[in-house]
Amino acid sequence: EQYFSRKEGGCADCPTLWRFGILAAALVALAGTIFLSYQAVSRIAVKALRRIFGPAVAIRLSQLEARVGIQPKLKIVVSFYQVATTLGPVYGARLHEDFRDWMSVLEFFSFDLLGLTYPDACIGSMSHRLLLAALWPFAVILLGSAAIAAHALTVGLSLRKSGSGRAGGAGGRVSDEGDGEGDGGGDGEGDGGRDGGGMSGTRGVVAVDADGDGIPDRGVVAVDMDGDGTPDHIEDVDVIDTDGDGVVSVSELNHLRWRELVRGTQSRILYLAILVAYFVLPSVSRSIFKARMCESFGISVFDATARRSYLVADLEVLCRSDDEMYRGLDAYFWAFFVLWPVLVPLVLLGLLLWIRRDVRALRVTRLSRACRFLWRDYNARFHYWELADMYRKLFLASLVLFIQTDDGSSKLLRLIVASVVSALFLTALALVKPFKRFDDFYLACTANLLLTCCFVLGTVVQICESAAYEDMCDTLVGFPSARGASSFVIVLTVTTIAVSLVLVVLKSISAIRAPTIRLLSNRRPPVMDLSKKCHFHGFISHIWSTGQDQTHTIVRQMKLVMPDVRIWLDVDCLKNLGALEESVADATTFLVFLSVGYFKSRNCRRELYAGLALDRPFIPIHEADVEKGGAALEVLKAECRAHCVDDAGLGTYPSYLGPAEMVFRIFEKEEPILWVRVNAFQLESLKSIALRMLRHSPYYMRSPNILTAGAMVPGEVPPYAFVGPVTILV
């Protein structure tokens, strides 16, 4: 009925089980309320901002969270406090009593449901505590999965009621047999052509209809389960039309709806499981180690060496192999140790290994999207870094308890090991630089540096708090008491929050001002997916003598306006000059920078012939400034005719028809894009290049109408025109 309370410094009455249930339910309700409120407020806010400031401002503000990068900063801060709060229970460096209330507030970051709501000692025997501590996350996942499944079932039933219809194949008519008002579950208002998404309908299975006339322009249908106007999945009509009659029946449409709904529900459940496992892994592992965490006590005033160790979580248990209660905890400890600190990280590692090719190729599959919490904050080459950080956190928060299990919390070895591990991880972080955003990288380095300082100061705190070193605190360290060292630890923890907030504010300001490309049809950034055979969106071919500086500028500026674009550039990617043809094959499009001397280069012609042989879409970019190595198009055509006469395309393109074919593909099939380097005009050149690249990406090849309206960049110079006739004297 009572337990030892460190806060009160003595025994305290156990709260009733009703209090545990109420507090646990309150925490779950609070988390759910915050999530639902966030969803509701964000949608209401977007609608309100759309009415007050217009759609452009509303869209930009709604996208601010993704551009600021709240998720990686939140993970860095939570990881810092999950380790920092173990200074007392794991390392024995308990802060001065004046600051213990502050550390108790930070215990929230441990996500220890039991520790936050009910004292461990009041639950029952130690075996019961271990069972509850190890299994409650699975209960949360099951409850969350049940809620997600119930929501999906509700959505599915509503779609079945509103979306009984027929969708024709390519060129076939879309009709609605239910109420005659909508197309495949749409609202019958023809927003497909007006709202720029090419989507006739607002939720469920809809036909791709560019002009809003009720007739699909391509033989595909799109599935938009969240109603945001952007298809979550696009399916061939021929695939859905199982009986081959050229018409998609109601039963076939409903089958597609339910199939996509089930897959989406599975993805959300997996995402929830990853989220729960990530946040509770350190605290659950630490709770499991309570079955091994002992503390030694002196048992004789006459013999200082006479000591006996007891389990910290249950002082009735003697930490000796011949103690029956202690020996009975072995099975629980090792079973849950294998389950959480071993199997959970291995499962997450297996998921990352399974999707590594898709992540590195920037292909978003269902599984990679469900696992995005683990990899999307890092560069594709280091998508596994989350696991490295997770093992670091796991070691510092729980596995370090294997060091001197009997009396490690009263000695300095754990703090020394933790300081060394933190310093080594900080060094690896600085060398690898795994984050996509530099501000996240700087915050992670700052957090790890401050954590290392916390462990160093923890050594000082432990020396000053120990009765065995009463005079050493002032003589050796320089602090008159442990309060000074504790103050430093508090300053470090507050600094982490302050630095995080400053970075978020600064990133928000820069994100608002960032000039990145948006599609006019939906005011969203373009989808930068890749085909399964390619790792680059474009290969840029140029001659060094007259085109090197310009192509470097193009690639650099393209990455500024489209951060996720991947363009092959020789200075960045070329490893073997003999593998130029393979490099061309590894890109979806072929960018040709036309300048004087380009066609005279044998290597440039090799790249051209490879592009023709692979039938890559050519995107010609014309340098017209003579002073910068440019020339008129007619001059460049003549150069092409004079030099592109190699037999069989230098062995790369046996069916090469001669200069006429090359001239047609570069100069006549599509008009070359004029490269202009002056501010606002350069932006127009970049937008033209981006749109042509996007036209040949898998996503927009299936929905080309989304690109019809063009692209824009926030803050760009708008079109200007004279309101009347103007005479210009030259």
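Calculation criteria
Residues numbered from 1 in each chain as written. Predicted model: local features only at pLDDT ≥ 70, side-chain atom pairs only at ≥ 80, totals over all residues. Heavy atoms only, no water. Helix = DSSP H or I, 4+ residues; strand = E, 2+ residues; numbered from the N terminus. Contact = heavy atoms within 4.5 Å. Buried < 20%, exposed > 50% of the residue type's maximum accessible area, 1.4 Å probe, protein only. Polar contact = N/O pair within 3.5 Å; in protein donor to acceptor, adjacent residues only side chain to side chain. Core = buried A, V, L, I, M, F, W, Y, C linked by side-chain atoms within 4.5 Å. Salt bridge = Lys/Arg side-chain N within 4 Å of Asp/Glu carboxyl O.

A. Structural context of the environment of alanine 361. Along the chain, alanine 361 turns up in the loop between helix H13 (356-360) and helix H14 (366-370). On a C-alpha basis, the gap between alanine 361 and leucine 530 in space is 6.6 Å, while along the polypeptide they are 169 residues apart. Setting aside anything within four residues of it in sequence, one finds alanine 361 in contact with Leu530, Cys534, His535 and Arg566.

B. View of the side chain of threonine 265. With respect to the secondary-structure elements, threonine 265 resides in helix H10 (residues 250-288). If near-sequence neighbours (up to four positions away) are discounted, threonine 265 is found in contact with Ile148, Ala149 and Ala152.

C. Focus on the environment of arginine 518. With respect to the secondary-structure elements, arginine 518 resides in strand E12 (residues 518-519). For arginine 518, a relative accessible area of 4% translates into the label buried. The spacing of arginine 518 and methionine 562 is 44 residues in sequence and 9.1 Å in space, taken between C-alpha atoms. In terms of polar contacts, arginine 518 uses its side chain to reach the side chain of threonine 516, at 2.8 Å.

D. A look at the nonpolar core. Within the largest apolar cluster, 79 residues are counted, with the highest numbers of intra-cluster contacts made by Phe80, Tyr91, Leu311, Trp340, Leu348 and Phe455. Per-element tally for this core: the top contributor is helix H18 (residues 438-465), with eleven residues. Not counting chain neighbours up to four residues away, the residues in contact with phenylalanine 455 comprise Val83, Leu87, Tyr91, Leu396, Leu415, Ala418, Ser419 and Ser422. Judged by nonpolar contacts, the second largest core, of 30 residues, contains Leu591, Phe593, Ile621 and Val713.

E. Here's a closer look at unusual backbone geometry. If you check the backbone angles, lysine 433 has positive phi at about 50 degrees while not being a glycine. For lysine 433, the location among the structural elements is in the loop between helix H17 (413-432) and H18. The phi dihedral of alanine 648 falls on the positive side, at around 55 degrees, and the residue is not glycine. Its relative accessible area of 32% is what places alanine 648 among the partly exposed residues.

F. Structural detail: the pattern of salt bridges. Here the structure, examined in full by the defined rule, presents 16 salt bridges. A salt bridge links glutamate 386 to lysine 75; the nearest nitrogen and oxygen atoms lie 2.6 Å apart. With a gap of 311 residues between them, glutamate 386 in helix H16 (residues 385-397) and lysine 75 in helix H4 (residues 70-84) connect regions that are remote in the sequence. Each member of the pair, glutamate 386 together with lysine 75, is buried. A salt bridge links aspartate 322 to arginine 320; the nearest nitrogen and oxygen atoms lie 2.8 Å apart. For aspartate 322, a relative accessible area of 49% corresponds to the partly exposed category. Within the structure, one salt-bridge network assembled from shared partners comprises Lys75, Asp377 and Glu386.

Geometric descriptors of this kind do not, in isolation, establish any biological role.
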